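Listed below, chain by chain, are the residues.
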Amino acid sequence: MSFSRSLARLIPAVKETIRNGQFLSQERLLVTSAQGVLFGGELPGRVTIVEVGPRDGLQNEKQAIPTRTKVELIDRLGRAGLKVIEATSFVSPKWVPQLADSTEVFQQIPKRPHIRYPVLTPNLKGLQRAIAAGAKEVAIFAAASETFSQRNINCSIAESLKRFEEVVEVAKEAQVAVRGYVSCVVGCPYEGAIAPAAAADVAARLYGLGCYEVSMGDTNGVGTPATVAAMFKECANAIPVKAIAAHMHDTYGQGCSNVLTALQMGISTIDSSIAGLGGCPYSPGASGNVATEDVVYLLSGFGIEHGVDMDSLVDTSAFICKALGRSSGSHVAQAMLAARQRKEPTAMMS
Ligand SMILES: CC(C)(COP(=O)([O-])OP(=O)([O-])OC[C@H]1O[C@@H](n2cnc3c(N)ncnc32)[C@H](O)[C@@H]1OP(=O)([O-])[O-])[C@@H](O)C(=O)NCCC(=O)NCCSC(=O)C[C@@](C)(O)CC(=O)[O-]
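Residues numbered from 1 in each chain as written. Predicted model: local features only at pLDDT ≥ 70, side-chain atom pairs only at ≥ 80, totals over all residues. Heavy atoms only, no water.

S.K.: What am I meant to see in the overall build of the chain here?
M.R.: In terms of regular secondary structure, the chain is built from 14 helices and eleven strands. Within the chain, the fraction of its 350 residues that count as buried is 52%. In the chain, of all internal contacts separated by at least 6 residues, the share reaching a separation of at least 24 is 74%. Total accessible area computed for the chain in this model is approximately 15,200 Å², and 54% of it derives from carbon and sulfur atoms. (Helix = DSSP H or I, 4+ residues; strand = E, 2+ residues; numbered from the N terminus. Buried < 20%, exposed > 50% of the residue type's maximum accessible area, 1.4 Å probe, protein only. Contact = heavy atoms within 4.5 Å. Areas by Shrake-Rupley, 256 points an atom, 1.4 Å probe, with all protein chains shown as cover.)

This is the structure we're talking about:
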């Protein structure tokens, strides 16, 4: 696009921004105006990051991880500014032995005010264990693929939704908030492509049961901006956009692009995992979630508020990678740690 055409599009965007009084600083105004030109739509001014590393990340590690390491990871993430940290899962230890210490982990977290610590619960037994441990928020998880549902939670989609009815009812009585997940929203490791309508249908059912938010999971990370956009569009026809979250795995390197697609569609809750840890034990070959460090860098580049301190986040990333004896799955963490060693400034905008 020529400079004069860019400018012609930029000026109305700036005027509109001023009229709405949404942004205060000049720097922020320019970034937002650039969004208008580049994307033809406004990105959210603030994003909630749901950090899933301690659960989604650690559920897939082959080695045994000491409880104290899990607790320290959660505490460091909180100190870095993350406000929602999915702490663990109250699933069957026979199915996911990596998280068999969920009660100990949950009880040992030094709980900080204003931080939420949701946990996964697949059934009533999980919910009861979570409540006994002191959880105030849980997540139930269904799938848009029949085969994945069977492999992951040993029942059909319909059976799982029936089971969740009771879980939500009991949670509500105990004043425990319930989030929903839908797995395999664009593709399934067993069935291949999944129709957007199938994902939206399960999202609508979970929302209808009483989930305050439904996180759409690209479990095996096969989505691209084109396929996730089609899926989110269908979901937005079924439930309010503010109730949709994006849970993108990075197996095919599309994680950040897919997050940006979600933001462009007005979604302002993004799941991510420190150091890109993770994967689902029942999704062979799937790599971790999009890395929290990469998401924070992306958001900062647009001047979108996220409340996370990048330096502490990178320290936390280095901590867990050292504890697990592995390299970081985050491009940003790798680049920032290398820049620190060279004592170079980074291009990061705070
Ligand atoms: C759902 C079940 C339990 C069904 O598993 P099942 O074998 O059909 O369950 P069951 O009711 O027949 O019980 C079998 C045994 O498990 C026990 N049991 C039963 N429930 C619990 C519980 N909550 N806590 C502790 N123990 C439990 C139960 O007491 C019994 O013990 P036994 O009598 O044999 O000694 C099982 O399939 C399960 O735990 N699955 C979880 C799998 C999982 O955690 N997957 C990863 C999380 S999902 C994910 O990662 C995707 C996501 C969310 O990130 C989004 C995305 O990326 O797509």
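More follows now that the structure is in view.
S.K.: I keep staring at the packing of helix α4 (residues 67–79) against helix α13 (residues 310–324) and nothing clicks. Help me out?
M.R.: Two quantities define a packed helix pair, namely the angle between the helix axes and the distance between the axes. One can describe the packing of α4 onto α13 by two numbers: an axis separation of 9 Å at closest approach and a directional angle of 170°. The angle between α4 and α13 places the two elements in the roughly antiparallel class. Residues Thr 69, Glu 72, Leu 73, Arg 76 and Leu 77 of α4 pack against Leu 313, Asp 315, Thr 316, Phe 319, Ile 320 and Ala 323 of α13. Looking at the contact of α4 with α13 residue by residue, the classes come out as six nonpolar, two polar and three charged. (Axes fitted to C-alpha atoms, helices over the stretch in contact; angles between N-to-C directions. Parallel < 35°, antiparallel > 145°, perpendicular 65-115°, else oblique. Nonpolar A, V, L, I, M, F, W, Y, C, P; charged D, E, K, R; others polar.)

S.K.: Any chance you could explain the site of the ligand here in plain terms?
M.R.: The ligand sits among 29 residues. The nearest are Lys 94, Arg 129, Asn 154, Ser 183 and Thr 219. A distance of 2.6 Å separates an oxygen atom of the ligand from a polar side-chain atom of Ser 183. About the coverage of the ligand: the protein hides 76% of its 1,100 Å² of free accessible area. Of all the secondary-structure elements, those providing two or more residues to the shell around the ligand are α3 (53–57), α6 (124–133), α7 (146–153) and β6 (177–183). (Near = heavy atom within 4 Å. Polar contact = N/O pair within 3.5 Å; in protein donor to acceptor, adjacent residues only side chain to side chain.)

S.K.: How should I be thinking about the nonpolar core in this particular structure?
M.R.: In a soluble, globular protein the nonpolar side chains are often hidden away together inside. Judged by nonpolar contacts, the single largest core of 100 residues is most densely connected at Leu 206, Met 216, Phe 232 and Leu 263. Broken down by element, the residue count for this core peaks at seven residues, all from α13. Ignoring any residue separated from it by four or fewer positions in sequence, one finds Leu 206 in contact with Ile 140, Ala 142, Leu 161, Phe 164, Gly 180, Tyr 181, Val 182, Cys 211 and Val 214. (Core = buried A, V, L, I, M, F, W, Y, C linked by side-chain atoms within 4.5 Å.)

S.K.: I'm lost on the packing of aromatic side chains in this one. Help?
M.R.: Each aromatic ring pair is specified by the distance between its two centres and by the angle formed by the two planes. On inspection of all chains with the given rule, the structure shows one aromatic pair. Ring centres of Trp 95 and Tyr 282 lie 5.5 Å apart, and the angle between their planes is 50°; on these two criteria the pair is classed as tilted. Of the two residues, Trp 95 is situated in the loop between β3 (88–89) and α5 (102–108) and Tyr 282 in the loop between β11 (269–272) and α12 (292–301); the sequence distance between them amounts to 187 residues. Residue placement shows Arg 76 over the ring face of Phe 319; its charged tip is 4.3 Å from the ring centre. The residue whose ring lies beneath Arg 179 is Tyr 181, and the NZ or CZ to ring-centre distance is 5.3 Å. (Phe/Tyr/Trp six-rings, centres within 6.5 Å; stacked < 30°, edge-to-face > 60°. Lys NZ or Arg CZ within 6 Å of the ring centre and 35° of its normal.)

S.K.: So what exactly am I meant to see when it comes to the packing of α12 against α13 here?
M.R.: It is the contact of α12 with α13, at a shortest axis distance of 10 Å, that shows an interaxial angle of 165°. Here α13 runs roughly antiparallel to α12, going by the angle between their axes. Crossing geometry of α12 relative to α13 is assigned as left-handed. Residue-level inspection shows Thr 292, Glu 293, Val 296 and Tyr 297 of α12 in contact with α13, the latter providing Met 310, Leu 313 and Ser 317. Partitioned by chemical class, the residues of the contact of α12 with α13 number four nonpolar, two polar and one charged. (Left-handed = near helix turned anticlockwise from the far one by under 90°.)

S.K.: It is not clear to me how the sheet that holds strand β2 (residues 84–85) should be interpreted in this structure. Could you clarify?
M.R.: Strands belonging to one sheet form pairs held by backbone hydrogen bonds; the direction of such a pair is parallel or antiparallel. Spatially, the nine strands line up as an open sheet ordered β2-β1-β11-β10-β9-β6-β5-β4-β3, and their pairing is parallel. For this open sheet the edge positions go to β2 and β3, each flanked by a neighbour on one side alone. As paired elements, strand β1 (residues 48–51) and β11 share four bridges and run parallel to each other. Bridging across to β11, Glu 51 finds its partner in Ser 272. Each of β9 (213–218), β10 (244–248) and β11 is contacted by helix α11 (residues 255–264), which is oriented at about 170° to β10, the strand it contacts most. Sheet contacts for α12: β1 and β11; angle to β1, the most-contacted strand, approximately 175°. (Pairing = 2+ DSSP bridges.)

S.K.: Can you help me understand the UniProt feature "domain: Pyruvate carboxyltransferase" (unreviewed entry) in the chain in this one?
M.R.: Mapped onto this structure's residue numbering, the UniProt feature "domain: Pyruvate carboxyltransferase" (unreviewed entry) falls at residues 47–314. For the annotated span residues 47–314, helix accounts for 42% and strand for 16% of the residues, and the straight-line distance between the end C-alpha atoms is 19 Å. (UniProt positions renumbered as here; feature names shortened; annotations may be inferred.)

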